[in-house]
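Read off the chains here:
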Amino acid sequence: SKSLSDEENQKLFGKCNNPNGHGHNYKGKELLTHVIDPVSGMVINLTDLKEYMQEAIMEPLDHKNLDKDVPYFAEVVSTTENVAVFIWENLKKLLPVGTLYKVKVYETDQNIVVYKGEETISE
């Protein structure tokens, strides 16, 4: 965090505090809820959903140094929690209103963040 000293960053972020950065291979799940369309039998067309995910998640984040390549993280610490918020905000702009229920981001099998808008739950 740019707002903390080197010592404070080390104490707070531990091994993740690396001035040259470090990588993660995040996995994510985006869960949708909505009324099933009686004609199509779907909440959303999967082809459309794939396009939304490509635009909202893959294009801005895939194979990127979050702190250097993604403008959002220039001022926001790139924690898993904030990655979930970023994904939520980007998907919410593209999906039909009321469709996005939660975003689940796996940093590791043990470090998982679930974000539901203003409500964050760690699992």
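Residues numbered from 1 in each chain as written. Predicted model: local features only at pLDDT ≥ 70, side-chain atom pairs only at ≥ 80, totals over all residues. Heavy atoms only, no water.

Looking at an unreviewed UniProt entry, the protein carries the name 6-pyruvoyl tetrahydrobiopterin synthase, with the source organism given as Phaetusa simplex. Recorded in UniProt under Function (unreviewed entry), the annotation for the protein is "Involved in the biosynthesis of tetrahydrobiopterin, an essential cofactor of aromatic amino acid hydroxylases. Catalyzes the transformation of 7,8-dihydroneopterin triphosphate into 6-pyruvoyl tetrahydropterin." According to UniProt, the comment filed for the protein under the heading Pathway (unreviewed entry) is "Cofactor biosynthesis; tetrahydrobiopterin biosynthesis; tetrahydrobiopterin from 7,8-dihydroneopterin triphosphate: step 1/3." (UniProt positions renumbered as here; feature names shortened; annotations may be inferred.)

**Q** Please clarify how the overall build of the protein should be interpreted in this entry.
**A** A tally of regular secondary structure across the protein gives four helices and four strands. Sequence-ordered secondary structure for the protein, helices as α and strands as β, is α-β-α-α-α-β-β-β. Taking the intrachain contacts of the protein between residues at least 6 apart in sequence as the baseline, contacts between residues at least 24 apart amount to 51%. Summed over all atoms, the accessible surface of the protein reaches about 8,500 Å², with 52% contributed by carbon and sulfur. (Helix = DSSP H or I, 4+ residues; strand = E, 2+ residues; numbered from the N terminus. Contact = heavy atoms within 4.5 Å. Areas by Shrake-Rupley, 256 points an atom, 1.4 Å probe, with all protein chains shown as cover.)

**Q** So what exactly am I meant to see when it comes to the packing of aromatic side chains here?
**A** Aromatic rings considered in pairs are described by the distance between their centres and by the relative angle of their planes. Enumeration over the complete set of coordinates arrives at four aromatic pairs. Their ring planes at 40 degrees and their centres at 5.6 Å tell us that F73 and F86 sit as a pair that is tilted. Of this pair, F73 sits in the loop between α3 (66–69) and α4 (80–94) while F86 sits in helix α4, and the two are 13 residues apart along the sequence. With a relative accessible area of 3%, F73 lands in the buried category. Overall, the relative accessible area of 6% leaves F86 in the buried class. Taken together through their ring pairs, the aromatic side chains of Y72, F73 and F86 make up a single cluster. (Phe/Tyr/Trp six-rings, centres within 6.5 Å; stacked < 30°, edge-to-face > 60°. Buried < 20%, exposed > 50% of the residue type's maximum accessible area, 1.4 Å probe, protein only.)

**Q** Hey, could you run me through helix α2 (residues 46–61) in this one?
**A** With 16 residues, α2 extends 21 Å from end C-alpha to end C-alpha; this agrees with the ideal 22 Å at 1.5 Å per step. Largest kink in α2: about 40 degrees, centred on Q54. L49, A56, I57 and L61 are the residues of α2 that are buried. (Expected span 1.5 Å × (residues − 1). Bend = angle between axes of the 7 residues up to and from the residue.)

**Q** Quick question: what am I supposed to make of the nonpolar core here?
**A** A general tendency of soluble globular proteins is for nonpolar side chains to be buried together. Residues L61, F73, I87, L91 and V103 are the most contacted members of the largest nonpolar core, which totals 21 residues. Looking at this core, the elements with two or more residues in it are α2, α4, β2 (100–106) and β3 (112–116). The element contributing the most residues to this core is α4, with seven residues. Ignoring anything within four residues of it in the chain, the contact list for F73 reads L61, L66, D67, S78, N82, V83 and F86. (Core = buried A, V, L, I, M, F, W, Y, C linked by side-chain atoms within 4.5 Å.)

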